[in-house]
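Chains, contacts and geometry: an overview
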Amino acid sequence: MKVLLINPQLQFNKNDKLTTGIIYLPIAIASVSANLKRNNVEHKIIDLFGNNPTRIDKINNFYILGEKIEKYLDLLSEYDAVFVYANQVINHLATNQIVKKLREKNQNIKIITFENTQAVTAYSLKEIYKEFISTNNDFVLIGEPEEQIITICKNLDNIEELKKIKGLIGKSFQNSSRELIQNLDILPFPDWSNIPLKNYWRLKYAHGPFFSKKYLSLLTSRGCPYPCKFCVVPETNNRRWRSKSPKRVVDEIEHYIKTYQVKEFHLEDLNPTVNEIRTKELCDEIIKRKLNITWKIVAGTKVESIKKTETIDLMAKAGCKYISISPESGSTRIMKEIGKPFDINHAYKIVERMNKNAIFSQACFVLGYPGENENDINLTKKMIFNLTKNGIDEIAIFIISPIPGSKIFDEFEGYKSFSDLNFSPTWREDYKKLFKKRIYFYAYFIFFKTIFHPIKVLKQIFRFFALNFQTKMEMVPFKYLKLSFLSIFSK
């Protein structure tokens, strides 16, 4: 048995190079690869984006970065199956194009597309599997892939056994009950040895800000217990949060220090601090082993789960340098509609404590939730003002889009492709209005940050020119300039 794992190219919206085009290290593929290796399944990784991240083409209204799949099609005859990673909803067109080319080249190879369960920029394949199955896929795999892919490989030619695999959907059956791994400690450490890490590091931008020459992503937990209606995660994780033990996490960190000489780590957990006791134990373990590392919560966390300000002190002592939180909206009415409570007074205290400990902080907001009115937007403006005054280092403003798998998926229409369902939905009738409000909020934030914290602003400007990024607001303009430059050479 020999299989291919394919990471697609990266798409970004030509009208929004700031918010779209987010770089993720393909940790799911690295994890699947490690489990295939453990089970002696011969495999190869083709990271189309990572292999050539500055090569650019156009696809419909998007730019696409990465190597063409055509370069690797002659390899297909050597393999029994190919697993294509549907990593982000914006990459849907690229993913479909890859599958189409694979099928045109080889009618016999088994093609399985599998979903990303651990990102808010992903999408639920359960909701749209017919689009894949009706084209060139043999199967779609939903849920966490590591163990299921091993079972698929063992039974690739046994359709009756394949029908029994949870999360596997085929042309003649739909076993759409997701498989969640309860004990994450049983999984091997993600294997990055066949991922072109140097190409990612050379970009100098990532999902989270990084200032070292090297970084690696970590998933110390999976899932999120909250029911936010605009988010795909409640669907892809059944609102279940599971975590690796602190010892296991720090063992993994030490392994990467020795293997890759990496000392900067980006936590891509959906909500890593759900269990405060675990958070403290993780910090204590890092401190006990005297690891000189930097780690950042780049994908966000629920600020209320950091219950005590002393926990922030401990996180800082253990090397934490960046935490993203998600107030979403300043309107309690909208937050009730979303299904996500937010304790603003607690957030103020935690932000102040982060400032005291030199931990950079981000607050994320959404605009355009169904039913949002001008009063709700003004309440968000007020919250931005107060957070700015209390020392938040940066904000991020996203425009709501109906991600397949989210509760609000059926409340919108007007998009032409699932790739349009990113957080810059230019197809929305009110997009221009919301985009202007987004720009206004950024200007509003920068103005009052300059008033309340002028030294911080000066330091950010200096770090931007030094390419020493401590916040996303320093890194993203660099990304914008680089993508704009590459766009000039697009075909």
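Not measured: the values here are computed from a predicted model.

A word on the overall build of the protein
- Of the regular secondary structure elements, the protein holds 17 helices and 17 strands.
- The globule rule puts the C-alpha radius of gyration for 491 residues at 23 Å, and the 22 Å found for the protein is close to it.
- Looking at the protein residue by residue over its 491 residues, the buried ones come to 63%.
- Partitioning the contacts of the protein with sequence separation of at least 6, the portion at a separation of at least 24 is 79%.
- Across the protein, 74 positive and 53 negative side-chain charges occur, with their mean positions spaced 5 Å apart.

Topic: the sheet that holds strand β5 (residues 62-65)
- The three strands are arranged β2-β5-β4 in an open sheet whose pairing can be described as antiparallel. For this open sheet the edge positions go to β2 (10-13) and β4 (56-59), each flanked by a neighbour on one side alone. With direction set aside, neighbouring strand axes in the sheet form an average angle of 35°.
- With four bridges joining them, β2 and β5 adopt antiparallel strand pairing. Across the sheet, the residue bridging to Phe12 is Tyr63, located in β5.

Some remarks on the state of the cysteines
- Tallying each qualifying case throughout the model produces zero disulfides.
- Here Cys320 is not cross-linked by a disulfide; its sulfur's nearest cysteine counterpart is in Cys283, at 7.5 Å.

A closer look at the sheet that holds strand β6 (residues 81-86)
- The strand order across the open sheet formed by six strands is β3-β1-β6-β7-β8-β9, and the pairing between neighbours is mixed. The strands lining the two open edges of the sheet, one partner per strand, are β3 (42-47) and β9 (168-170). Across the sheet, the mean angle from the axis of one strand to that of its neighbour is 20°, orientation sign disregarded.
- Contacting β1 (2-7), β6 and β7 (110-115), helix α3 (residues 92-105) runs over the sheet at an angle of about 165° to β6.
- Those strands touched by helix α4 (residues 125-133) are β6, β7, β8 (139-141) and β9, and its axis lies near 160° from that of β8.

What to know about the pairing of strand β13 (residues 264-267)
- Residues Glu264 and His266 point to one face of β13 and Phe265 and Leu267 to the other, with burial holding for every one of them.
- The pairing of strand β10 (residues 216-218) with β13 spans three bridges and is parallel. Considered in β13, the bridge of Leu216 is made with Phe265.
- Judged from the four bridges that link them, β13 and strand β14 (residues 294-301) form a sheet pairing that is parallel. Its bridge partner lying in β14, Glu264 is registered against Thr294.
- The parallel pair β13 and β14 is bridged by helix α10 (residues 276-288), and the resulting crossover is right-handed.

Points about the packing of helix α14 (residues 374-389) against helix α15 (residues 431-452)
- Closest axis-to-axis distance for the α14/α15 pair is 9 Å, and the angle between their directions is 25°. If you check the angle between α14 and α15, you find them roughly parallel. For the pair α14 and α15, the crossing hand works out as right-handed. Every residue of α15 that contacts α14 at Glu374, Ile377, Thr380, Lys381, Ile384, Phe385, Thr388 and Lys389 is listed here: Lys433, Lys437, Tyr440, Phe441, Tyr444, Phe445, Phe448, Lys449 and Phe452.

Points about the side chain of Thr311
- With respect to the helices, strands and loops of the structure, Thr311 is situated in helix α11 (residues 309-317).
- Of the residues examined, Thr311 reaches a relative accessible area of 1% and is grouped as buried.
- Reaching out from Thr311, the side chain makes a polar contact with the side chain of Glu276 at a distance of 2.6 Å.
- Excluding anything up to four places from it in sequence, Thr311 contacts Glu276, Thr279, Lys280 and Ile306.

Some details on unusual backbone geometry
- Despite not being glycine, Lys204 has its phi angle at roughly 70°, a positive value.
- Inspection of the secondary structure assignment puts Lys204 in the loop between α7 (197-203) and β10.
- For Lys290, which is not glycine, the phi torsion reads 55° and is therefore positive.

Focus: the pattern of salt bridges
- As enumerated under the stated definition, the model contains 33 salt bridges in all.
- Glu42 serves as the salt-bridge partner of Lys2, at 3.8 Å between the closest nitrogen and oxygen. You can see Lys2 sitting in strand β1 and its partner Glu42 sitting in strand β3, a full 40 residues away along the chain.
- For Lys2, a relative accessible area of 22% puts it in the partly exposed group.
- Between Glu144 and Arg242 there is a salt bridge, and its shortest N-O distance comes to 2.7 Å. Placement of Glu144 in the loop between β8 and α5 (145-154) and of Arg242 in strand β12 (residues 242-243) is noted, with a sequence separation of 98 residues between them. Accessibility classification places Glu144 together with Arg242 in one group, the buried group.

Rules used in this analysis
- Residues numbered from 1 in each chain as written.
- Predicted model: local features only at pLDDT ≥ 70, side-chain atom pairs only at ≥ 80, totals over all residues.
- Heavy atoms only, no water.
- Helix = DSSP H or I, 4+ residues; strand = E, 2+ residues; numbered from the N terminus.
- Rg over C-alpha atoms; globule rule 2.2 N^0.38 Å.
- Buried < 20%, exposed > 50% of the residue type's maximum accessible area, 1.4 Å probe, protein only.
- Contact = heavy atoms within 4.5 Å.
- Lys, Arg positive; Asp, Glu negative; His and termini not counted.
- Charge placed at Lys NZ, Arg CZ, Asp CG, Glu CD.
- Pairing = 2+ DSSP bridges.
- Axes fitted to C-alpha atoms, helices over the stretch in contact; angles between N-to-C directions.
- Disulfide = S-S within 2.5 Å.
- Right-handed = clockwise from strand over helix to strand, strands pointing away.
- Parallel < 35°, antiparallel > 145°, perpendicular 65-115°, else oblique.
- Left-handed = near helix turned anticlockwise from the far one by under 90°.
- Polar contact = N/O pair within 3.5 Å; in protein donor to acceptor, adjacent residues only side chain to side chain.
- Salt bridge = Lys/Arg side-chain N within 4 Å of Asp/Glu carboxyl O.

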